[in-house]
Amino acid sequence: MSPSAVTTHSAAPKIIIDEEFKFLLPRLDPESHTALEASILEHGIRDAIVIWKGHDILIDGHNRYGIAQKHDLPFKTTELEFPTREDVIIWMITTQIARRNLSPLQFTYFLGLQYKAAKKVRGGLRTGAGRKKEGGENENTQVTGAEESSSENRNLINSQQGRTAEILGNQHGLARSTVVAAEKVADGITAIGKTSKEAKRKIIDGEARISRKRLTQLGTAPSPEVKDVARSIDAGTFGKSTDADTTTNPSKPPSTTALEHELLTATTDYRTRLKSSTTTQGLKAATRIHITHLESLLNQPSRK
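Everything in this summary refers to the structure shown in the same document. Computed from a predicted model, the values in this text were never measured in an experiment. (Residues numbered from 1 in each chain as written. Predicted model: local features only at pLDDT ≥ 70, side-chain atom pairs only at ≥ 80, totals over all residues. Heavy atoms only, no water.)

**Topic: the overall build of the protein**
Looking only at helices and strands, the protein features 13 helices and five strands. Out of the 304 residues in the protein, the part that is buried amounts to 40%. Taking the contacts inside the protein whose residues are at least 6 apart along the sequence as the reference set, 72% of them involve residues at least 24 apart. Of the accessible surface of the protein, which amounts to about 16900 Å², a share of 52% is contributed by carbon and sulfur atoms. (Helix = DSSP H or I, 4+ residues; strand = E, 2+ residues; numbered from the N terminus. Buried < 20%, exposed > 50% of the residue type's maximum accessible area, 1.4 Å probe, protein only. Contact = heavy atoms within 4.5 Å. Areas by Shrake-Rupley, 256 points an atom, 1.4 Å probe, with all protein chains shown as cover.)

**Remarks on the pairing of strand β4 (residues 57-60)**
In this sheet, β4 lies alongside strand β3 (residues 49-52) in antiparallel orientation, the contact comprising three bridges. Among the inter-strand pairings, I51 is bridged to a residue of β4, identified as L58. Hairpin connection from β3 to β4: four residues lie between these consecutive antiparallel strands, with G54 at a positive phi of about 85°. (Pairing = 2+ DSSP bridges.)

**Quick word on helix α11 (residues 223-235)**
Relative to the 18 Å expected for 13 residues at 1.5 Å per residue, α11 spans 18 Å between its end C-alpha atoms, a close match to the ideal helical length. Buried residues of α11: V226, V229, A230, S232 and I233, and no others. Taken end-on, α11 shows its buried residues confined to a sector of 160°, consistent with a single buried face. Exposed residues lying more than 90 degrees from the buried face of α11 are P224 and A235. Positioned one or two residues after α11, G236 has a phi angle of 80°, which is positive. (Expected span 1.5 Å × (residues − 1). Arc of directions from axis to C-beta.)

**Re the side chain of Q114**
Among the secondary structure elements, Q114 is positioned in helix α5 (residues 104-122). Not counting residues within four places of it along the chain, the set of residues in contact with Q114 comprises I90, I93, T94, I97, L168, Q171 and H172.

**Re the packing of aromatic side chains**
One pass over the structure, following the stated rule, counts four aromatic pairs. Centre to centre, the rings of F21 and W52 are 6.3 Å apart; their planes meet at 55°, and the pair counts as tilted. Taken together, the positions of F21 in helix α1 (residues 19-24) and W52 in strand β3 put the pair 31 residues apart, joining distant regions of the chain. For the pair shown, F21 and W52 are each scored as buried. The interplanar angle of 85° and the centroid separation of 5.8 Å between the aromatic rings of Y65 and F75 together place this pair among those described as edge-to-face. Taken together, the residues span a long stretch of sequence, with Y65 in helix α3 (residues 62-71) and F75 in strand β5 (residues 75-81) at a distance of 10 residues. Across this residue pair, the class does not change: Y65 and F75 are buried. A cation sits over an aromatic face here: K197 above F23, 5.9 Å from the ring centre. (Phe/Tyr/Trp six-rings, centres within 6.5 Å; stacked < 30°, edge-to-face > 60°. Lys NZ or Arg CZ within 6 Å of the ring centre and 35° of its normal.)

**What about the environment of Q106?**
Locating Q106 in the fold gives a position in helix α5. For the pair Q106 and L25, spaced 81 residues apart in the sequence, the C-alpha separation amounts to 9.2 Å. Filtering out sequence-adjacent residues up to four positions away, Q106 remains in contact with P26, I204 and D205. Polar side-chain contacts of Q106 include one of 3.1 Å to the backbone nitrogen of S103. (Polar contact = N/O pair within 3.5 Å; in protein donor to acceptor, adjacent residues only side chain to side chain.)

**Notes on the nonpolar core**
Among the nonpolar cores identified, the biggest contains 51 residues, and F21, I59 and I203 are the most heavily contacted of them. Looking at this core, the element that brings in the most residues is α5, giving 10 residues. The contact partners of I203, leaving out residues within four places of it in the chain, are L105, I189, I192, A208, I210, L215 and I233. Within the second largest apolar cluster, 10 residues are counted, among which are I40, I45, I49 and I67. (Core = buried A, V, L, I, M, F, W, Y, C linked by side-chain atoms within 4.5 Å.)

**Focus: the pattern of salt bridges**
Tallied over the entire structure, the rule returns 13 salt bridges. In this structure, the salt-bridge partner of R201 is E207, at a minimum N-O distance of 2.9 Å. (Salt bridge = Lys/Arg side-chain N within 4 Å of Asp/Glu carboxyl O.)

**Considering unusual backbone geometry**
For D56, which is not glycine, the phi torsion reads 60° and is therefore positive. The phi torsion at D72 lies on the positive side, around 55°, for a residue other than glycine. With respect to the helices, strands and loops of the structure, D72 is situated in the loop between α3 and β5.

Now the structure itself:
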C-alpha cells in the first residue's frame, strides 16, 4: 500500500462506486447521517476521500462523497495502491474496526471477512499462480489437480490458514478458533445477501435478530432454505420461530432471566479472550469488544 498526494476537487472527478466494497460496510443510522451532513454543511469536508489508485474506485468516505454530490461541495481525495481486491478489503475492514463502535455481530462479520480475504492474500486458498515477489518469482507455484488432492498440499493449505487465523487472533486478542468461527458466521450473512441485500442489511444493522449458530448453518445450507429465511426477514415475520436470536439455554436455571444469562455468557467469553491475549494491544481489544457487547445488551429497546 502506497499513498499519493492529496488532491482537492471543486467538481466531481471520475469516481467509481463498487457495490461489493460499499456493501461491506454497515450504513450510518439516519440520526448519525443527519449529524454528519449538518457538520459538513457547516465546516466542509475536512477528511480526504480515499480512492484505489489506478482503478478510480472509492474505498473510504462513501457517506462524505454522497453528501458532497448532493450539495455540490468541494472535497479532497487521496489514492492508495493495492495489488489485489483482497488487499483492499483487508484495509477497508481494518479501518472500520479501528474507527467504528461496532456491535458484537458487526465485529464478528468484519472479522470473518478479514480472515477470508487474508487467507487469499497469504495464499492459503490459492491453487493457481500467486502474487509475484520482486524479480518476478511467484510466491505460490501453479499446482495440478493431482497435486491439489495430495495430503501434502492439503496440509500446507491447512497450515497457512491456521497461521492466518492465529495472526488475526493475536491482533484482536481472540483465540484462533474464534477467528475461524467468525468466517462461518460471515458466510451465512453473505449467503443471505446474495438473495436479499435488504435482509443482509437488517442483520448487520441489528434489525433482524438471528443466532450465530443459525448464520453458521445458513453458510452451507441449500439455496431454498436461505431464500426462505431472507424472505421472512424482508417480510418482517422473522423472529417468530427458533431462528430468532433468543439466546436460550435449556441448562440454565429457571430463575435466571434471559438478560442475566446473556450477561453471564458475555463475561465468560471475555475471560476466554483475556486468557488468549498475550499483548497489551490484545488486552485492550478484548476489553473494548466486551464493553461494546455489554452496551448492546443493556441498550436493547425492550430492556431500557
